[in-house]
Structures are given as C-alpha cells and as structure tokens.
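Report on the structure
So you can see what is in the structure, the chains are spelled out below.
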Amino acid sequence: MIEDVEITDNEFLRQFELEVGDNMARIEYALQDRKIFLTKYEMPEDMEDQGFRDVFIKAVFEEVKRREINLVPTSPEVAGFMRKNRRKYKNLLPVGISI
C-alpha cells in the first residue's frame, strides 16, 4: 500500500531515500546542532504521478519527529507540504521559524 512506505537515511550522502521499483526519490539534508535542514527534493515524474510526493515527505517528517530534532524546510516542495500540514507538524519547527 502506498501509505506504508519505508524510507532509508543514507547518512553518507546526507539524504533520505525512497525506492519504488527502479525509481528513487530523495530529500537531501544538512544537520546543524539539533536541527535538520531539508534542502533539496527530487522525485521522478512516475512516482509523482502515482502520488508518492506527500507520502514520502510525511515519512521523512515522522522520522524527524521520532528523532526529536527540529526541522527547517528550505526546499520549496517540503515547505509547501509543511504549510498544508502546519497544525500537525508545527511543533517540529525551531522557535522563531514560521512557514
């Protein structure tokens, strides 16, 4: 089922990855203190068309929440997801940051 995706944290490349068949989506990140900056979002068009965008970003947000660190969405796609889901994820933003 599309909602039950498993992401991988590729610490060497500093990116979260989602593989579906031969396709891979990625969100690059930078860690600083207790914050993770989600800097670049890439997803093949096939995966976008199948509805994986929000599912992937949600899985990354849930992983960040699990790690109990703050999230700074600098990628436009990730920031857009944050705006749409502000109520659910606003507690992940560092103090003084609003989206």
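Because the structure is predicted, anything quoted here is derived from the model rather than measured.

1. A look at the packing of aromatic side chains
One pass over the full model with this rule turns up 4 aromatic pairs. Centroid distance phenylalanine 16 to tyrosine 29: 5.0 Å. Interplanar angle 40°. Geometry classified as tilted. Of this pair, phenylalanine 16 sits in strand β2 (residues 15–20) while tyrosine 29 sits in strand β3 (residues 23–32), placing them 13 residues apart in sequence. Since its relative accessible area comes to 1%, phenylalanine 16 is described here as buried. Relative accessible area serves as the criterion here: at 6%, tyrosine 29 is assigned to the buried category. Pairing phenylalanine 61 with tyrosine 89 gives two aromatic rings, centres 5.0 Å apart and planes at 85°, and the pair type is edge-to-face. With phenylalanine 61 in helix α2 (residues 52–67) and tyrosine 89 in helix α4 (residues 86–89), this pair connects stretches of sequence that are 28 residues apart. Across the pair, exposure class does not vary: phenylalanine 61 and tyrosine 89 are buried alike. These aromatic residues form a ring-pair network of at least three members: Phe61, Phe81 and Tyr89.

2. A short note on the environment of lysine 88
When you line up the elements, lysine 88 lands in helix α4. Once the C-alpha coordinates of lysine 88 and leucine 71 are considered, the two residues, 17 residues apart in sequence, prove to be 13 Å apart.

3. Digging into the pattern of salt bridges
On inspection of all chains with the given rule, the structure shows 7 salt bridges. Of the charged contacts, one joins lysine 40 and glutamate 42 as a salt bridge, the two residues approaching to 3.0 Å between their closest N and O atoms. Residue classification places glutamate 42 among the partly exposed positions, given a relative accessible area of 28%. Several salt bridges converge on common partners, so that one network encompasses Asp9, Glu63, Arg66 and Arg67.

What counts as what
- Residues numbered from 1 in each chain as written.
- Predicted model: local features only at pLDDT ≥ 70, side-chain atom pairs only at ≥ 80, totals over all residues.
- Heavy atoms only, no water.
- Phe/Tyr/Trp six-rings, centres within 6.5 Å; stacked < 30°, edge-to-face > 60°.
- Helix = DSSP H or I, 4+ residues; strand = E, 2+ residues; numbered from the N terminus.
- Buried < 20%, exposed > 50% of the residue type's maximum accessible area, 1.4 Å probe, protein only.
- Salt bridge = Lys/Arg side-chain N within 4 Å of Asp/Glu carboxyl O.

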